[in-house]
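One letter stands for each residue in the lines below.
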Amino acid sequence: MSFRSHPRLLLVLTLGLLALVLALAVLQYRWTQQLVASQRALQANAVQMSVSRMQNDLGGLFQDVYSHFEREPMRTVGLADALADQWQAWRDRRPYPRLIEAMYWVTQADSALHLQVLKRDNPALQSTTWPPELEAWRSFFETTFTELEVEPDQSLDLSLSAPPLLGDQPGLVFPLFDNPSPDQPVSFVFVHLRQATLAEAVLPDLMATHGAALQADYVVRVVMPSQAVLYQSEAGWTPLAATPDTSVALIWPIARNYHVKMEERGVFLVDRAEMVLSLPSREGGEVSSQLQVFHRVGSLDIAMQRLKMRQLGLASGLLLVLAGALVLLYVVAQRARRLGDQQMAFVAGISHELRTPVAAITALAENMTAGIVRDEAQTRSYGELIHNEGLRLKEMVEQVLDYAASQTNTSNTKQPVSVQTLLDNTLAHNRAYLANTKLTVNHGAAADLYILADAQALEVALRNLLLNAIKHGPSEGPVEITVEQVDGQKKVQLHVTDHGPGIPASEHARIFEPFFRGERARDQQVQGNGLGLSLVRRIVHAHGGTVQVRSTPGEGAAFTLRLPLTDRPIS
């Protein structure tokens, strides 16, 4: 069983494969959805992990500062020397020696705050005014001192929770409970941290350590409570979206719980709980700095949507190519089947066409050999019949050879040829075929028109048109050849017209196909093999021209060759 003998089987198989491609497209879409969802989860987890590690490491750095200065209980006596020693120890032993900007002692007297700054080179505490950038911290201390105003013999649970960033200025607070004076029950050490060190050293190191997975697709920013940008992993970059993909509190408050008791001599520390880290509340109070992560294309959702479109586009393209290949395969198979049918018809037709003249020539030759033909008139008649049948054989052989040559002809031997010369040579070389034809040639100024041509190939094309006109026109009917110049001296048209029955409109699109023969030619057994017009089109196209047919049933047919003109050759 073959597709050629069962064409419907090929159609069913092609449709089945196309249905399979459609099913693959649906599965591909679902798989892409799952892939994108999985990829989104992986990226979101990677971002969250990197952000959490950066958050923990920065919190650990602040906790390290707090632990360093609270290593031993500090006293107001000798406070300057103790703070200077601890500051120097930090500079000598810690990874960010320039992290500490300044150290202050904050006290209260007569309901007024007093600030003293540490002079490290010559350890001493010197009174100073509140720097404008520390105004937020001043408000914090005023509130804290107010909370300590309790009656004697009463106890108080004090939770000292200071965000390391107030007014965009980082710092840490340590209480001193060793002053027994009722006028000054407690005081505080304030360690002011350097903002530039955080922006230029600490945060870039955290990004290099934990943000390597983010650098390709994300930009990381640290925004202070005032919304000023403290750090950005890519300078000059502007977020494409107002809302980041991830936003967390980067710097945590350091909280220490104290249980104190008020006596007449002052405030005494009864118990000190372990130091803890606690996230800030967003409902009232000071909001900590935020670590924000932005995807470079605007958001992770946009990136995933683009990934989805790319995956779907690639998969759809491959499936479309596959579907197109199936359709093309079906079309090629159909054309191959039709071509095979045409070739079989050609073989049958050419065999029949060859058998007729060969049989005639053989019969005539046998009669002459047997002595049946005796007088001169019969001999001449037999000779003419043999000659005519020989011409038929020659025509068929030449047409087949010309068609075979056109399939592989790559000759570029084209020269300027006058249209008049082309017509004269064609008519002269085919005089035997045109002997009984009423031929009219209207060439106009054909002698002055030149085309760049392979003259022999174009003669073949014209001969095929003339032979078609003779075969399909009325017996001894007129054939007209007309030459005219068109398109502003740029092209020449050659019309070959007969006055036969014409060509049905339904066959106009197929008459130039190889091996195709019209219904009338098959029914009336008009000699031919279906190669002539196909050969004409090949030759004309090879010369950069076109061939067209104009026909009305019952009024004949006109074939028009349109060829580009060239310059007249120099004598």
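The structure displayed is predicted, hence computed values, not measured ones. (Residues numbered from 1 in each chain as written. Predicted model: local features only at pLDDT ≥ 70, side-chain atom pairs only at ≥ 80, totals over all residues. Heavy atoms only, no water.)

Focus on the pairing of strand β9 (residues 229–232)
Side-chain positions along a regular strand alternate between the two faces of the sheet. In terms of strand pairing, strand β8 (residues 218–223) meets β9 through 3 bridges, oriented antiparallel. Bridge pairing in β9 places V223 opposite V229. (Pairing = 2+ DSSP bridges. Helix = DSSP H or I, 4+ residues; strand = E, 2+ residues; numbered from the N terminus.)

Concerning the packing of helix α7 (residues 419–429) against helix α8 (residues 455–472)
Where α7 meets α8, the axes come as close as 9 Å, and the angle between the chain directions of the two elements is 60°. The angle between α7 and α8 places the two elements in the oblique class. Seen along the crossing, α7 lies across α8 with a hand that is right-handed. Taken together, the residues of α8 that come into contact with α7 (itself represented by L422, L423, N425, T426, L427 and H429) are A455, L458, E459, L462, R463 and L466. Looking at the contact of α7 with α8 residue by residue, the classes come out as 7 nonpolar, 3 polar and 2 charged. (Axes fitted to C-alpha atoms, helices over the stretch in contact; angles between N-to-C directions. Parallel < 35°, antiparallel > 145°, perpendicular 65-115°, else oblique. Left-handed = near helix turned anticlockwise from the far one by under 90°. Contact = heavy atoms within 4.5 Å. Nonpolar A, V, L, I, M, F, W, Y, C, P; charged D, E, K, R; others polar.)

Here we look at the packing of α8 against helix α10 (residues 532–542)
Contact geometry for α8 and α10: axes closest at 9 Å, N-to-C directions at 145°. As for the relative orientation of α8 and α10, their crossing is left-handed in sense. The segment α8 lies against α10, with A457, L458, V460, A461, N464, L465 and N468 engaging G532, L533, L535, V536 and I539. Looking at the contact of α8 with α10, its residues break down into 9 nonpolar, 3 polar and no charged.

Thoughts on α7
For α7, every residue scored as buried is listed here: V419, Q420, L422, L423 and T426. Taken end-on, α7 shows its buried residues confined to a sector of 165°, consistent with a single buried face. Lining the buried residues of α7 we find β15 (415–418), β16 (438–442), β17 (450–453), α8, β18 (478–486) and β19 (491–498). (Buried < 20%, exposed > 50% of the residue type's maximum accessible area, 1.4 Å probe, protein only. Arc of directions from axis to C-beta.)

Remarks on the sheet that holds strand β14 (residues 290–295)
Spatial strand order, β9-β8-β14-β10: 4 strands in an open sheet with antiparallel pairing. One side of each edge strand has no neighbouring strand; the edge strands of this open sheet are β9 and β10 (246–249). Adjacent strand axes in the sheet meet at a mean angle of 20° when their direction is disregarded. Looking at chain direction, β10 and β14 are connected through 4 bridges and run antiparallel. What sits directly across from S247, in β14, is Q292. Sheet contacts for helix α4 (residues 195–210): β8 and β9; angle to β9, the most-contacted strand, approximately 30°.

Note that every value here comes from positions in space, so none of it alone points to a role or purpose.
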